[in-house]
Amino acid sequence: MTKVLIADDEKHVREAIKLLADWEGHGINEILEAGDGQAAVEIITEESPLIVMTDMRMPRMDGTKLLEWIKANRPEMKTIVISGYDDFELVRHAIRNGGLDYILKPVDPDALNEALAKAVEAIRLEELQNSLSTRKNMELNRMKPHYADKLLTDLISGHGSKEELARQLREEFGLPESITGCSAAVISTAQLDQELLDKFQSLQQLLYFTLTNICNEVLLSGQKGIAFHNLRNIEEIVLLIWDETMPLQATLEEIRNGIDLTLHRQIHIGAGTRQPFPAGAAATYQEAHQALWQRNAGEPSGWLHTGTPQPQKPLRLDSHEESFRMAALSGSMDQISSAVDGWMDQVRMLGRVTPAELTQWNAEWDWMLKQWMDRKADPASPGPDKDALLELPRSLPMDAQGRLSYPLWKAQYEGRLTAASRILTQQHSRENHIIHDIARYLENHYAEDISLQDMAARFFLSREYISRRFKQEFGVNISDFLASVRIEKAKLLLLNPQLRISQVAEMVGYQDEKYFSKVFKKQEGRTPNEYRKEQSSR
């Protein structure tokens, strides 16, 4: 079982950390506390916790001295810094002394639990696979990743001085001085299947950490290269490989086998050509990235992808928009399935489908569905929960071998259209309900002075929307509808000979008897007085 030590001179901070962390979920059974660094050293000596969470500013011995002591005396411990100071030097000091993460106060529960998960996972991996050969490599594997990741991300992105970045990497993380060239390789979690992504849904950083760790176990053990998380494309793990003693494919195959052993997934890898280091790091990365995203996702074999094929004529999803929309509005699963089949048949005719195209079509889906929702909904009225569409799977339709699965793809598209159908139906039902509520209100308050603006304010809708939807539903505008209701009521009142015409007009909402007579004659073809005489003679 795992022990954790919390070192902070503020008791309320220690209590907050104890309350926010999911200790049981991380397999931690004992929580120790220390009010300063000196007390923490004494507890570490006696209790040997595997994880230490420390503040940076404490009496007697502060966090910087405590981290130094842990590095010198208990380097196997995982340390997490929780500090109220966003200070680059403090972050740098924490990284240099083995800090696994740096969390700012007030403590965010997600950040805290993510750091704990990373620490627990690091302990588990070290217990299972302790294959790193040097202490320097161990420190690289445990360090706070963002500092190294930032330097390496800038290197492959072409930001900053390449020589200066390389110098910092040599000084801070021990990259060999002898590197003259490198090849980049790219792994993308965006091309993993939904089942695996669901397992890491609440701990995406753990997935990146696991993949990076597996890669570095192969690369760092023989100083072959380094793997890191691309901060400009967070779904990518990038490898820079400078070793020339082993073929690039053999190194990448060893990494791929390690991932398959740990995650039970056969991943795809894009690779670039060897370029001068550090000047060509960005160029070889771009080659690797393009090779991975322009690969034929339907190809039954081949996992290592190099080069970029000639682009094919793009197929636009919006060319099928009307078919999709009508299928959604029909509410028929047969129509929805048929519309999706029509799209799939056209895609199959391409002969090659790339992950980049799948991603583009997903983006077109998002745009298309938004247009449907905006087209139907009135911006002044609360509509159904359109965010329900966002609950649909966001992954690419890949199987466990990283290949395009047409059955899974079809299920995803059918799911999107079914969700759209549900929302469009809800909108239509709600719109009809409100418009009929307005009609009932007019029928019950016909004698009052009612304007379109009054209706808009009462029902929290825009005047334009009410006017348009009312005409669509009843075939007449609101003023004509109200006039019809008033005249029908007036016809009943005219049967009473004791009521004067002016009284009838006022009782149905007309203050002007002449205007009432004009409206009555327009609708009935005769004046109110003529109508009364006709009825009395029967």
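This text follows the structure it describes.
A brief report on the enclosed structure follows. What you see is a predicted model, and the numbers here were worked out from it, not measured in a lab. (Residues numbered from 1 in each chain as written. Predicted model: local features only at pLDDT ≥ 70, side-chain atom pairs only at ≥ 80, totals over all residues. Heavy atoms only, no water.)

This part covers the packing of aromatic side chains. This structure, assessed with the given rule, holds 13 aromatic pairs. Both rings, one in Phe470 and one in Phe481, keep their centres 5.2 Å apart while their planes meet at 80 degrees; by these two values the pair is edge-to-face. One end of the pair, Phe470, is in helix α18 (residues 463–474); the other, Phe481, is in helix α19 (residues 478–493), and eleven residues separate them in sequence. For the pair formed by Phe470 and Phe481, the shared burial category is buried. Among the aromatic residues, ring-to-ring pairing joins Phe324, Trp343, Trp361, Trp365, Tyr406, Trp409 and Tyr413 into one connected group. When the ring centre of Tyr406 is taken as reference, the NZ or CZ atom of Arg348 above it lies at 4.2 Å. In this structure, Arg486 packs its charged tip against the face of Tyr510, placed 5.1 Å from the ring centre. (Phe/Tyr/Trp six-rings, centres within 6.5 Å; stacked < 30°, edge-to-face > 60°. Helix = DSSP H or I, 4+ residues; strand = E, 2+ residues; numbered from the N terminus. Buried < 20%, exposed > 50% of the residue type's maximum accessible area, 1.4 Å probe, protein only. Lys NZ or Arg CZ within 6 Å of the ring centre and 35° of its normal.)

Right, let's get into the packing of helix α2 (residues 37–47) against helix α3 (residues 63–73). The geometry of a pair of packed helices is captured by two quantities: the angle between their axes and the separation between those axes. Closest axis-to-axis distance for the α2/α3 pair is 9 Å, and the angle between their directions is 25 degrees. The angle between α2 and α3 falls in the class roughly parallel. Judged by the sense of rotation from one axis to the other, the crossing of α2 with α3 is right-handed. For the pair formed by α2 and α3, the contact residues are Gly37, Ala40, Val41, Ile44 and Thr45 on the first element and Leu66, Trp69 and Ile70 on the second. (Axes fitted to C-alpha atoms, helices over the stretch in contact; angles between N-to-C directions. Parallel < 35°, antiparallel > 145°, perpendicular 65-115°, else oblique. Left-handed = near helix turned anticlockwise from the far one by under 90°. Contact = heavy atoms within 4.5 Å.)

Now for the nonpolar core. Taken as a class, soluble globular proteins show a tendency for nonpolar side chains to be buried jointly. Within the largest apolar cluster, 61 residues are counted, with the highest numbers of intra-cluster contacts made by Leu240, Phe324, Trp343, Trp361, Trp372, Trp409 and Tyr413. Excluding residues that lie within four positions of it along the chain, Tyr413 makes contacts with Leu317, Val340, Trp343, Met344, Trp361, Asn362 and Trp365. Residues Ala122, Ile187, Val218 and Trp303 belong to the second largest nonpolar core, which totals 28 residues. (Core = buried A, V, L, I, M, F, W, Y, C linked by side-chain atoms within 4.5 Å.)

In this model α19 runs 23 Å from its N-terminal to its C-terminal C-alpha over 16 residues, within 8% of the 22 Å that 1.5 Å per residue would give. Inspection of α19 places Ile478, Phe481, Leu482, Ala483, Val485, Arg486, Ile487, Ala490 and Lys491 among the buried residues, and these make up the whole buried set. (Expected span 1.5 Å × (residues − 1).)

With that settled, consider the environment of Arg348. Tracing the sequence through the fold places Arg348 in helix α14 (residues 333–348). Here Arg348 falls in the partly exposed class, since its relative accessible area comes to 46%. Sequence-wise, Arg348 and Tyr406 are 58 residues apart; in three dimensions their C-alpha atoms are separated by 9.6 Å.

On to the sheet that holds strand β3 (residues 51–54), then. Taken in spatial order, the five strands of this open sheet run β2-β1-β3-β4-β5, and their pairing is parallel. Strands at the two margins of the open sheet, each flanked by one partner only, are β2 (28–34) and β5 (99–104). Between one strand and the next, the sheet's axes are offset by a mean angle of 20 degrees, whatever the strand orientation. Here β3 pairs with strand β4 (residues 78–83) via four bridges, running parallel. Of the residues in β4, the one forming a bridge with Thr54 is Val81. α2 rests against β1 (2–7), β2 and β3 of the sheet, and its axis sits at about 145 degrees to β2. (Pairing = 2+ DSSP bridges.)

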